[in-house]
Number of protein chains: 2
Amino acid sequence: MTAKKPGVSRVLIIGGGFAGLECARTLSGDSRFEVTLVDRTNHHLFQPLLYQVATASLAAPDIARSIRQILAGSPNVTVLMDEITAIDPAAKHATGKSGTRYDFDYLLLAAGARTSFFGKAEWERHTLGLKSLADAQAIRRTVLSNLEKAELATDEAERTRLMTIAIVGGGPTGVELSGAFADLVHRSLRTNFRRIDTSKLRVVLIEGSARVLEAFDEDQSEYARQRLKSLGVEVWTGMRVDEVREGALHFTDGTLLEARAIIWAAGVEAQPLTAMLGVPLADRGGRITPQGDLSLPGLPDVFVAGDLVRMKDADDKPVPGVAPAATQMGRHVAKLLQEEKRLEGTRFADRKHELRPRFRYFDKGIMAIIGKNFAVVKAGGMKLRGLPAWFAWLFIHIAFLIGFRNRLAVLLGWAFAYLRDNPQARIIVHPQGGPPH
Amino acid sequence: MTAKKPGVSRVLIIGGGFAGLECARTLSGDSRFEVTLVDRTNHHLFQPLLYQVATASLAAPDIARSIRQILAGSPNVTVLMDEITAIDPAAKHATGKSGTRYDFDYLLLAAGARTSFFGKAEWERHTLGLKSLADAQAIRRTVLSNLEKAELATDEAERTRLMTIAIVGGGPTGVELSGAFADLVHRSLRTNFRRIDTSKLRVVLIEGSARVLEAFDEDQSEYARQRLKSLGVEVWTGMRVDEVREGALHFTDGTLLEARAIIWAAGVEAQPLTAMLGVPLADRGGRITPQGDLSLPGLPDVFVAGDLVRMKDADDKPVPGVAPAATQMGRHVAKLLQEEKRLEGTRFADRKHELRPRFRYFDKGIMAIIGKNFAVVKAGGMKLRGLPAWFAWLFIHIAFLIGFRNRLAVLLGWAFAYLRDNPQARIIVHPQGGPPH
């Protein structure tokens with residue numbers, strides 16, 4: 001990092017997700033700040049649509065955009081692709097895998113979450129998570145390749161395993177994935193195969209608790225279950241995974257489910273960077289509970305935001321791990337820094353930390369799509385389901401996608417896929433360019 | 001493969017490129033034929049636009065489409081993803097890596113070409129070919145990652161290496177790649193970096209002979225060279241590669257070019273399946289020269305088509321390795337089989353082999369795009385260059401893309417990219433989901 005300029009504060013943002021990007025965009029053009037945004041990847045990812053890449057409806061570039069492209073017009077923001085390996089919050093510097101040292105006056109840690117396998121390496125090895133584009137492409141590749149292998153298979157038992165998709169975790173990701181896979185296989189691929197009967201493909205959604213979509217109301221969970229059933233998804237609630245083997249899930253009640261595609265959507269945990277801040281972690285998921293202003297206790301210049309935060313907001317409401325919450329946190333930190341800059345040299349300068357506002361989450365609601373044309377929405381007192389909810393879902397997702405071309409491409413992609421039941425991204429790309437077996 | 005039905009001929013097509021697909025589409029719905037199309041991948045690839053995926057203008061699904069999706073409405077065609085490992089043309093069967101045995105009455109080998117490294121493993125290890133989607137994504141990943149590393153680099157020499165793209169081979173692929181990379185870096189990425197000066201990025205196009213685009217006329221080669229120069233591409237003609245090392249090209253005249261991205265577009269060779277047919281190969285590239293009707297000498301029921309063919313047509317003109325030639329060959333074989341079916345039981349049945357028409361190539365011309373807005377076209381007596389050529393190129397490529405959604409998506413993608421100098425697929429996906437270093 002360059003040497004400190006007088007009067008200019010160096011802000012280091014770790015993570016280009018919703019929180020980090022919003023913070024950088026809010027500080028963009030404010031010459032009192034020199035912002036460095038570091039991310040392990042080169043792109044901002046619109047995570048809510050990741051399942052559509054996994055289910056072959058969208059292409060990876062439809063839902064991702066180069067971070068430096070988004071911030072190209074922000075001369076005071078430097079974007080670097082690097083992986084932070086150490087943070088010294090007291091000495092105010094971080095270190096990247098590239099060997100680069102990042103000095104800062106303020107730090108925003110917004111590195112997000114990753115799939116949690118509850119510390120079990122076996123589970124991780126035999127299942128597919130869904131947090132990155134590479135994850136989504138791996139799911140697409142596995143499911144489509146399994147169908148190709150099933151078309152060639154001569155062993156009936158193996159063919160059945162190849163034609164079973166197990167999805168562990170009945171939250172929005174699991175529900176959206178299972179609905180989209182059921183649509184893909186039972187509708188779009190119906191006429192594509194000559195030997196296998198795609199109507200026999202099983203999509204099994206597994207949830208440990210009593211109902212899917214626990215964050216929604218009970219009647220919405222029941223609605224989702226009914227919709228999924230009518231799409232041909234088997235919904236297994238109250239089923240707890242005991243062991244994961246290659247191609248097999250063992251449940252605590254002795255049930256065995258054999259499936260060549262096992263998708264793990266049962267939990268997330270904070271990126272392990274949270275452990276480097278020297279503050280106690282709030283839960284086994286490695287999350288951090290900051291102070292009300294999002295700074296850390298005893299470290300007023302270090303902030304956290306996004307999915308790695310576990311907190312209640314100024315109204316004592318728990319803040320969920322969703323994109324709008326992350327965006328709002330990122331903006332909160334940026335505005336707070338700007339206000340503190342304004343106080344510099346005034347009689348309030350010494351009290352600046354006390355004057356900081358607490359973060360207040362504006363709840364825009366939660367939503368989950370269930371196959372084609374149906375969704376559930378819970379926003380404030382309003383509950384929607386069915387087609388109106390689906391339109392709300394469509395509108396909101398399109399509106400929040402970054403980049404006009406992306407919005408149009410995604411909208412058109414959906415329009416064609418929905419009108420013709422024909423997702424167009426059904427291609428298998430083998431990363432090594434190698435053969436299919 | 002299922003048992004032979006009386007009166008129905010089993011046609012095995014190896015390869016779902018332009019030749020194989022066209023043959024299958026022509027036989028589609030003709031119940032006298034039971035067609036099996038086997039490909040190593042699950043998609044038909046529009047190869048002429050592959051360089052646009054490599055240069056971040058298009059997404060992979062924009063230029064590829066599931067083969068079984070294209071042939072979904074053809075009940076007499078079975079599509080299988082498998083890699084053929086053995087062919088016995090006399091006994092009339094082939095074997096796949098899956099263990100499947102494919103019996104046939106007629107065989108069409110249309111497995112296409114792959115990058116030729118002239119048998120040098122070192123060259124293959126240190127350079128990037130461009131024949132598959134995975135290849136294109138690897139090129140995109142490498143070039144974009146190198147720029148990210150350059151932005152972090154502290155060593156000036158390494159930064160220079162990271163900011164050099166060497167493209168070996170001055171044919172259409174090399175010309176199109178180098179023009180598109182120059183556009184990408186010098187225009188689109190101009191404002192994206194804070195530390196490196198993207199105007200200093202070198203794109204070096206290397207050709208062993210005296211001019212680029214040798215298949216075109218000399219004035220067109222000269223025009224291409226001038227256009228490339230004005231885009232900032234260094235065109236090195238008459239330069240022969242002697243040795244390839246990691247990050248370095250050594251030339252026969254002693255010149256050394258250091259580059260962290262070396263793209264190999266210097267030659268292609270037939271897929272090695274051609275060696276299994278028991279006929280002499282026509283060249284070191286493993287190609288086969290069939291008889292005039294595209295069948296093999298002594299094997300009247302075995303045909304070859306597409307890029308693995310080296311031949312002169314009925315007019316004694318050499319048939320080039322381009323998509324229209326492959327398509328025409330595929331159709332020729334299908335029509336010939338249909339005609340032969342018609343002769344069955346007639347007094348011409350015994351003479352059916354003599355009655356076969358020879359393949360005649362209808363030359364639609366060749367074209368190459370040079371950066372934004374310029375192209376050269378050579379079609380019959382007509383020569384175009386500049387903007388009119390570019391429009392011709394655009395029209396033809398869009399018209400031949402399979403699938404309406406794809407056409408529209410590609411057209412829109414281009415429109416936005418060209419209007420705003422902003423290719424939207426600038427994302428790096430790490431296949432293993434790992435960190436960037």
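Residues numbered from 1 in each chain as written. Chains lettered and ligands numbered in written order. Predicted model: local features only at pLDDT ≥ 70, side-chain atom pairs only at ≥ 80, totals over all residues. Heavy atoms only, no water.

1. A short note on the overall build of chain A
Inference 1: The helix and strand tally for chain A stands at 11 helices and 23 strands.
Inference 2: Radius of gyration (C-alpha) of chain A: 23 Å, near the 22 Å computed for a compact globule of 437 residues.
Inference 3: With respect to the three principal axes, the spread of C-alpha positions in chain A is 80 × 50 × 45 Å.
Inference 4: Across the 437 residues that make up chain A, the buried fraction comes to 59%.
Inference 5: Long-range pairs, those at least 24 residues apart, make up 66% of the contacts in chain A between residues at least 6 apart in sequence.
Inference 6: Carbon and sulfur atoms make up 51% of the accessible area of chain A, which totals about 17,100 Å².
Inference 7: Of the side-chain charges in chain A, 57 are positive and 48 negative, and the distance between the mean point of each set is 4 Å. (Helix = DSSP H or I, 4+ residues; strand = E, 2+ residues; numbered from the N terminus. Rg over C-alpha atoms; globule rule 2.2 N^0.38 Å. Buried < 20%, exposed > 50% of the residue type's maximum accessible area, 1.4 Å probe, protein only. Contact = heavy atoms within 4.5 Å. Areas by Shrake-Rupley, 256 points an atom, 1.4 Å probe, with all protein chains shown as cover. Lys, Arg positive; Asp, Glu negative; His and termini not counted. Charge placed at Lys NZ, Arg CZ, Asp CG, Glu CD.)

2. Topic: the sheet that holds strand E2 (residues 33-39) of chain A
Residues and elements named next belong to chain A.
Inference 1: Strand order across the open sheet formed by 6 strands is E5-E2-E1-E9-E20-E19, with mixed pairing between neighbours. Strands with a single pairing partner mark the edges of an open sheet, and in this sheet they are strand E5 (77-81) and strand E19 (295-296).
Inference 2: Bridge analysis of E19 against strand E20 (residues 299-304) gives 2 bridges, and the strand direction is antiparallel. Counterpart to Ser-295 in the pairing with E20 is Phe-303. (Pairing = 2+ DSSP bridges.)

3. Looking at the packing of aromatic side chains
Inference 1: The final tally for this structure, using the stated rule, is 10 aromatic pairs over all chains.
Inference 2: Look at Trp-123 of chain A and Trp-264 of chain A: their rings are 5.2 Å apart centre to centre, the planes differ by 65°, and that puts the pair in the edge-to-face class. Note that Trp-123 of chain A is positioned in helix H4 (residues 121-126) and Trp-264 of chain A in strand E17 (residues 261-264), a separation of 141 residues in sequence. Accessibility classification places Trp-123 of chain A together with Trp-264 of chain A in one group, the buried group.
Inference 3: Their ring planes at 70° and their centres at 5.8 Å tell us that Phe-18 of chain B and Phe-46 of chain B sit as a pair that is edge-to-face. Highlighted residues: Phe-18 of chain B in helix H1 (residues 18-27) and Phe-46 of chain B in the loop between strand E3 (43-45) and helix H2 (50-54), separated in sequence by 28 residues.
Inference 4: The exposure class of Phe-18 of chain B is buried, given its relative accessible area of 18%.
Inference 5: Through successive ring pairs, a cluster of aromatic residues spans Phe-117, Phe-118, Trp-123 and Trp-264 of chain A.
Inference 6: Sitting over the face of the ring of Phe-374 of chain B, Arg-227 of chain B holds its NZ or CZ atom 3.6 Å from the ring centroid. (Phe/Tyr/Trp six-rings, centres within 6.5 Å; stacked < 30°, edge-to-face > 60°. Lys NZ or Arg CZ within 6 Å of the ring centre and 35° of its normal.)

4. Let's talk about helix H9 (residues 323-343) of chain B
Residues and elements named next belong to chain B.
Inference 1: Over its 21 residues, H9 runs 31 Å from end to end, which matches the ideal 30 Å to within 8%, given 1.5 Å per residue.
Inference 2: Within H9, 16 of the 21 residues are buried, which leaves it mostly tucked inside the rest of the structure.
Inference 3: Backbone geometry just after H9 places Gly-345 at a positive phi near 85°. (Expected span 1.5 Å × (residues − 1).)

5. Quick word on the side chain of Asp-82 of chain A
Inference 1: As for its placement among the helices and strands, Asp-82 of chain A is situated in the loop between E5 and strand E6 (84-88).
Inference 2: Reaching out from Asp-82 of chain A, the side chain makes a polar contact with the side chain of Tyr-102 of chain A at a distance of 2.6 Å. (Polar contact = N/O pair within 3.5 Å; in protein donor to acceptor, adjacent residues only side chain to side chain.)

6. Focus: unusual backbone geometry
Trans peptide bonds make up most of the peptide bonds, and negative phi angles are found at most residues other than glycine.
Inference 1: Of note in the backbone geometry, Leu-213 of chain A takes a positive phi value of approximately 50° without being a glycine.
Inference 2: The topology assignment puts Leu-213 of chain A in the loop between strand E12 (202-207) and helix H8 (218-231).
Inference 3: Look at Leu-213 of chain A and you get buried, because its relative accessible area is 1%.
Inference 4: The residue Leu-294 of chain B is not glycine, and still its phi comes out positive at about 80°.
Inference 5: Taking relative accessible area as the criterion, Leu-294 of chain B reaches 0% and is therefore assigned buried.

7. Remarks on the sheet that holds strand E9 (residues 106-109) of chain B
Strand pairing in a sheet relies on backbone hydrogen bonds. The paired strands run either parallel or antiparallel.
Residue and element names in this part refer to chain B.
Inference 1: If you trace the 6 strands from one edge of the open sheet to the other, you get E5-E2-E1-E9-E20-E19, paired in mixed fashion. In this open sheet, the two strands that pair with only one neighbour each are strand E5 (77-81) and strand E19 (295-296).
Inference 2: Alignment of E9 against strand E20 (residues 299-304), held across 3 bridges, turns out to be parallel. By the bridge assignment for E20, Leu-109 is matched with Val-304.

8. A short note on the pairing of E6 of chain A
Residue and element names in this part refer to chain A.
Inference 1: By the bridge criterion, 4 bridges tie E6 to strand E7 (residues 93-96) in an arrangement that is antiparallel. Along E7, the bridge assignment pairs Ile-87 with Ala-94.
Inference 2: Between E6 and E7, which pair antiparallel in sequence order, lie 4 residues; one of them, Lys-92, sits at a positive phi of approximately 60°.

9. Here's the deal with the confidence of the model for chain A
All names here are of chain A.
Inference 1: For chain A, the mean per-residue pLDDT works out to 90, and 91% of the residues sit at or above 70.
Inference 2: In this model residues 433-437 is a low-confidence stretch, pLDDT under 50, and it forms 13 contacts with partners more than four residues away in sequence or in other chains.
Inference 3: In the predicted assembly, ipTM is 0.88 and pTM is 0.91. (pLDDT = per-residue confidence, 0-100.)

10. So, the packing of H1 of chain B against H9 of chain B
Helices that pack against each other are described as a pair by the angle of their axes relative to one another and the distance between those axes.
Residue and element names in this part refer to chain B.
Inference 1: At a minimum axis distance of 7 Å, the contact between H1 and H9 shows a crossing angle of 35°. Viewed along their axes, H1 and H9 form a crossing whose handedness is right-handed. Of the residues in H9, those in contact with Phe-18, Ala-19, Glu-22, Cys-23, Thr-26 and Leu-27 of H1 are Ala-323, Ala-326, Thr-327, Gly-330, Arg-331, Val-333, Ala-334, Lys-335, Leu-337 and Gln-338.
Inference 2: Tallied by class, the residues present in the contact of H1 with H9 amount to 9 nonpolar, 4 polar and 3 charged. (Axes fitted to C-alpha atoms, helices over the stretch in contact; angles between N-to-C directions. Left-handed = near helix turned anticlockwise from the far one by under 90°. Nonpolar A, V, L, I, M, F, W, Y, C, P; charged D, E, K, R; others polar.)

11. Let's talk about the side chain of Lys-131 of chain B
Residue and element names in this part refer to chain B.
Inference 1: Along the polypeptide, Lys-131 turns up in the loop between helix H4 (121-126) and helix H5 (133-152).
Inference 2: Buried and without a salt bridge, Lys-131 has Asp-307 as its closest oppositely charged side chain, separated by 4.2 Å.
Inference 3: Within the structure, the side chain of Lys-131 is placed 3.4 Å from the side chain of Gln-47, a separation counted as a polar contact.
Inference 4: Residues within four places of Lys-131 in sequence aside, it is in contact with Leu-45, Gln-47, Leu-50, Ala-113, Arg-114, Thr-115, Val-268 and Asp-307. (Salt bridge = Lys/Arg side-chain N within 4 Å of Asp/Glu carboxyl O.)

12. Topic: the pattern of salt bridges
All names here are of chain B.
Inference 1: Applying the stated criterion across every chain yields a total of 52 salt bridges over all chains.
Inference 2: In this structure, Arg-40 engages Glu-83 in a salt bridge whose closest nitrogen and oxygen atoms are separated by 4.0 Å. Of the two residues, Arg-40 is situated in the loop between strand E2 (33-39) and E3 and Glu-83 in the loop between E5 and strand E6 (84-88); the sequence distance between them amounts to 43 residues.
Inference 3: A salt bridge links Arg-351 to Glu-354, with the shortest nitrogen-to-oxygen separation between them at 3.5 Å.
Inference 4: By relative accessible area, which is 38% here, Arg-351 ends up partly exposed.

13. Overview of helix H8 (residues 218-231) of chain B
Residues and elements named next belong to chain B.
Inference 1: Between its first and last C-alpha atoms H8 spans 20 Å; for 14 residues at 1.5 Å apiece the expected length is 20 Å, and the two agree.
Inference 2: All buried positions along H8 are accounted for by Gln-220, Ser-221, Tyr-223, Ala-224, Arg-227, Leu-228 and Leu-231. The buried residues of H8 occupy an angular sector of 160° when the element is viewed end-on, so they sit on one face. Away from its buried face by more than 90 degrees, H8 exposes Glu-218, Lys-229 and Ser-230.
Inference 3: Positive phi appears at Gly-232, one or two residues downstream of H8, with a value of about 100°. (Arc of directions from axis to C-beta.)

14. A word on the environment of Arg-40 of chain A
Inference 1: Look at Arg-40 of chain A and you get partly exposed, because its relative accessible area is 33%.
Inference 2: C-alpha of Arg-40 of chain A to C-alpha of Ile-262 of chain A: the two residues are 222 residues apart in sequence and 26 Å apart in space.

15. Concerning the environment of Leu-133 of chain B
Inference 1: Looking at the element boundaries, Leu-133 of chain B is found in helix H5.
Inference 2: When its relative accessible area of 2% is taken as the criterion, Leu-133 of chain B is described as buried.
Inference 3: Separated by 73 residues in the primary sequence, Leu-133 of chain B and Ala-60 of chain B have C-alpha atoms spaced 6.5 Å apart.
Inference 4: Those residues in contact with Leu-133 of chain B that lie beyond four places of it in its chain are Ile-427 and Val-429 of chain A together with His-43, Leu-45, Leu-50, Ala-60, Ile-63 and Ala-64 of chain B.

16. Some remarks on the environment of Tyr-106 of chain A
Residue and element names in this part refer to chain A.
Inference 1: You can see Tyr-106 is positioned in strand E9 (residues 106-109).
Inference 2: We classify Tyr-106 as buried; its relative accessible area is 7%.
Inference 3: Measuring from C-alpha to C-alpha, the distance between Tyr-106 and Ala-389 comes to 41 Å, with 283 residues separating the pair along the chain.
Inference 4: When near neighbours in sequence (up to four residues on either side) are disregarded, Tyr-106 contacts Ser-9, Arg-10, Val-11, Leu-12, Asp-301, Phe-303, Leu-337, Glu-340 and Lys-352.

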